[in-house]
Amino acid sequence: MQEALFKNIIAHAKEYGFIFQSSEIYDGLSAVYDYGQNGVELKENIKKYWWDSLVRLHDNIVGLDSAIFMHPKTWEASGHVAAFNDPLIDNRDSKKRYRADVLLEEYIARLESRIEKEVAKGKKRFGDNFDQDQFLATNPNVLREQAKIDKVNERMFKALGEDNLEELRQLILDCDIVCPVSGTRNWTEVRQFNLMFSTQMGSTHEGALQIFLRPETAQGMFVNFLNVQKSGRMKVPFGIAQIGKAFRNEIVARQFIFRMREFEQMEMQYFVKPGEEMKWYEYWKELRMCWHRSLGLGDEKFRFKDHEKLAHYANAACDIEFLFPFGFRELEGIHSRTDYDLARHEEYSGRKLRYFDPETNERYIPYVVETSIGLDRMFLAVLSASYTQEKLEGGETRIVMKFPPWLAPVKLAVFPLVNKDGLPQIAQEVLSKVRLDHYCLYDEKDSIGRRYRRMDAIGTPFCITIDHQTKEDQTVTLRDRDTMLQERVSIEELPKILDNKLNSKQWLQKLT
Ligand code: ATP
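The numbering scheme is per chain: residues are counted from 1 as the chain's sequence reads. Under the rules for a predicted model, residues below a pLDDT of 70 receive no local features and side-chain atom pairs below 80 are neither given nor counted, while totals for whole chains, interfaces and linings still include all residues. Hydrogens and water molecules were not included; the side-chain quantities draw on all heavy atoms of the structure.

Undergrad: Please clarify how the overall build of the chain should be interpreted in this entry.
TA: Here a helix means four or more residues in a row that DSSP labels H or I, a strand means two or more in a row labelled E, and each is numbered from the N terminus. Across its full length, the chain holds 18 helices and 23 strands. Here the globule rule is a power law, 2.2 Å times the number of residues to the power 0.38, and the radius of gyration is based on C-alpha atoms. Here the C-alpha radius of gyration of the chain, 26 Å, is about what a compact globule of 512 residues would show, namely 24 Å. Projected onto its principal axes, the C-alpha positions of the chain cover 80 × 65 × 55 Å. Out of the 512 residues belonging to the chain, those deemed buried represent 50%. Summing over all exposed atoms, the chain offers an accessible surface of approximately 25500 Å²; the carbon and sulfur share of this is 48%. Here the positive residues are Lys and Arg and the negative ones are Asp and Glu; neither His nor the chain ends is included. Throughout, a charge is located at the NZ atom of Lys, the CZ atom of Arg, the CG atom of Asp or the CD atom of Glu. Computing the positive centroid from 73 side-chain charges and the negative centroid from 79, the chain places the two 2 Å apart. The cut-offs for exposure are 20% and 50% of the maximum accessible area for each residue type, with area from a 1.4 Å probe on protein chains only; residues under the lower value are buried, those over the upper are exposed, and the others partly exposed. Working definition of accessibility: Shrake-Rupley area with a 1.4 Å probe, residue cover restricted to the visible protein chains.

This is the structure in structure tokens:
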């Protein structure tokens, strides 16, 4: 784990107005965060890139904004009341609480990193002749660690599947897992804990209805499936996309905005003909991976991970994992959910949720392929991949956020070189030409070098400087964040040049 790097990123996010701890003046609220002036812009741009890639680029995908509160029966039908649980375990000495499955996953990750170290050693020893597959299949150290991993995985999935909490505890003891805080093995029993937050709706105590804060946005799309299909005259296959808040009372919420108690999801439910779900599952896997790669954060930072144990409603599922500073972790889930959700809502509501296929004259419950990504996790992925420390000539260092230009919170900064000689007035005129197309900042304080650094730190792709030459030939300098090179361009041409450089169109077009 690149602990120091991660700490720097968190500190940078606060210092430059990306993310603040919620209610900080009251010492904060655990696992709840606020997005500052730059954070909110970056988040909006990520949302837009996701939304446009689905709703704008597909004739058969439409949006929805369903309410956070839903009828409580929704959550009985979806299975969340009965089974949206995590197994928790406490350490009696540190009084810290953990998710039993996460303790085991972290143990497995440690074994995996031992294998990675062996591979690195092998690569060094054998150089160009290194055959990784053969090495993994024959090296005794690797085989020993892999056998341990397989055994733990097998026992863990069996225990989770059978809801065997005693076995989970035994596995933690057998793996000799200690509490990272107290260093002891003094563990309590494992208990199930439901992650949904609940509250009351209604003014009288007796008449109040217990309702839940939604733990996922998906159910809003399922219960509205026929409303959207009929009002939009949609034909299967079609999709509904939604961005919105979700709430989970996570047992352990560490790692900054990776695991929050209030977070945002970007989900898309794709309704398909039964029997065609595998084709669409593969289709969405590939397209979602292309979307991630189009951001240029580094193809090697993304990988697929198939679910070893499928949820009861799924017949195929995988995650897209991202290499965060603390290792590869889930960023997005792609699930083939069968007709489970719609069928359950039919059963619990007593209303038919069937699609009439005009071509075959059949009525059926569609199958669903879901893509579900955490907006805050995506934000963290973009933030951590973009954070760059660079040594400059002369020994100085700069911190630059190398955001994909179209995601950058501020697209452009406009500076008068000096705060006199009419330069600020010209700068204001230039600003007014471009500010409606791009989010711009105007800054006239401090030396030009410091102003450039401030823009690097928030990832502004371009800075325009108005100098004395501007008065003579109507040109300005345009400085590139990444190369730090400046070119002279005419004010007249600016809007066109900027549009080419900052627009996401060229990237979106590759996703069709
Ligand atoms: P995890 O295993 O990490 O708890 P999950 O498998 O429960 O995640 P899903 O229910 O598949 O997650 O939710 C879809 C997406 O929502 C995840 O891929 C993740 O990006 C995001 N997400 C889930 N829980 C949280 C959370 N507590 N904070 C931030 N994002 C979350």
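Still to come is the rest of the account.
Undergrad: Where do I start with a nonpolar patch on the surface in this structure?
TA: Patches draw on residues past 30% relative accessible area with no salt bridge. Two like charges within 9 Å are joined, as are two nonpolar side chains (Val, Leu, Ile, Met, Phe, Trp, Tyr) within 5 Å. What makes a salt bridge here is a side-chain nitrogen of Lys or Arg within 4 Å of a carboxyl oxygen of Asp or Glu, nothing more. Together, F69, M201 and L209 make up a nonpolar patch on the protein surface, roughly 270 Å² of accessible area in all. Locating F69 in the fold gives a position in the loop between β3 (61-64) and α3 (73-77). Exposure remark for F69: the relative accessible area of 42% places this residue in the partly exposed category.

Undergrad: Whenever I open this one, the environment of M70 confuses me. Can you help?
TA: Locating M70 in the fold gives a position in the loop between β3 and α3. Residues M70 and I466, spaced 396 residues apart in sequence, show a C-alpha to C-alpha distance of 54 Å. If sequence neighbours within four positions are ignored, M70 has contacts with W75, I211, Q219, G220 and V223. By definition in these notes, contact holds between two residues if any of their heavy atoms fall within 4.5 Å.

Undergrad: Quick question: what am I supposed to make of the sheet that holds strand β19 (residues 412-416) here?
TA: The strands that make up a sheet pair up through hydrogen bonds in the backbone, lying either parallel or antiparallel. When DSSP locates at least two bridges between a pair of strands, those strands are taken to pair. Reading across the sheet, the 5 strands line up as β20-β19-β21-β22-β23 and stay open at both edges, with mixed pairing between neighbours. On the outer flanks of this sheet lie β20 (440-442) and β23 (486-490), each paired with one strand and no other. On average, each strand axis in the sheet is inclined to that of its neighbour by 25°, with strand direction left out of account. With 5 bridges connecting them, strand β22 (residues 475-480) and β23 associate as antiparallel partners. Directly across from T475, in β23, lies its bridge partner S490. To obtain each axis, a line is fitted to C-alpha atoms, and for helices this fit is confined to the stretch in contact; angles are then taken between N-to-C directions over 0 to 180 degrees. Packing of helix α14 (residues 423-434) onto the sheet brings it into contact with β19, β20 and β21 (462-466), and relative to β19 it is tilted by some 160°. Of the strands in this sheet, β19, β21, β22 and β23 touch helix α17 (residues 494-502), which is tilted by about 160° from β21.

Undergrad: How do you make sense of the nonpolar core when you look at a structure like this?
TA: Proteins that are soluble and globular tend to have nonpolar side chains buried together. Buried residues of nine kinds, namely Ala, Val, Leu, Ile, Met, Phe, Trp, Tyr and Cys, make up a nonpolar core once their side-chain atoms join them within 4.5 Å. F18, I19, I46, W50, I257, W284 and F379 are the most contacted members of the largest nonpolar core, which totals 67 residues. Domain delimitation in this document rests on an assignment produced automatically or drawn from a domain database. Of the domains in this structure, domain 1 (1-69 + 207-393) and domain 3 (410-511) are the two that each give at least three residues to this core. Setting aside chain neighbours within four positions, we find I257 in contact with I19, Y33, Y35, D376, R377, F379 and L380. Judged by nonpolar contacts, the second largest core, of 25 residues, contains V152, L168, C175 and I177.

Undergrad: What exactly am I supposed to notice about the side chain of D86 here?
TA: Of note, D86 is situated in strand β4 (residues 85-90). In contact with D86, not counting residues within four places along its chain, are R99, R191, Q192, F193, L195, E250 and I251.

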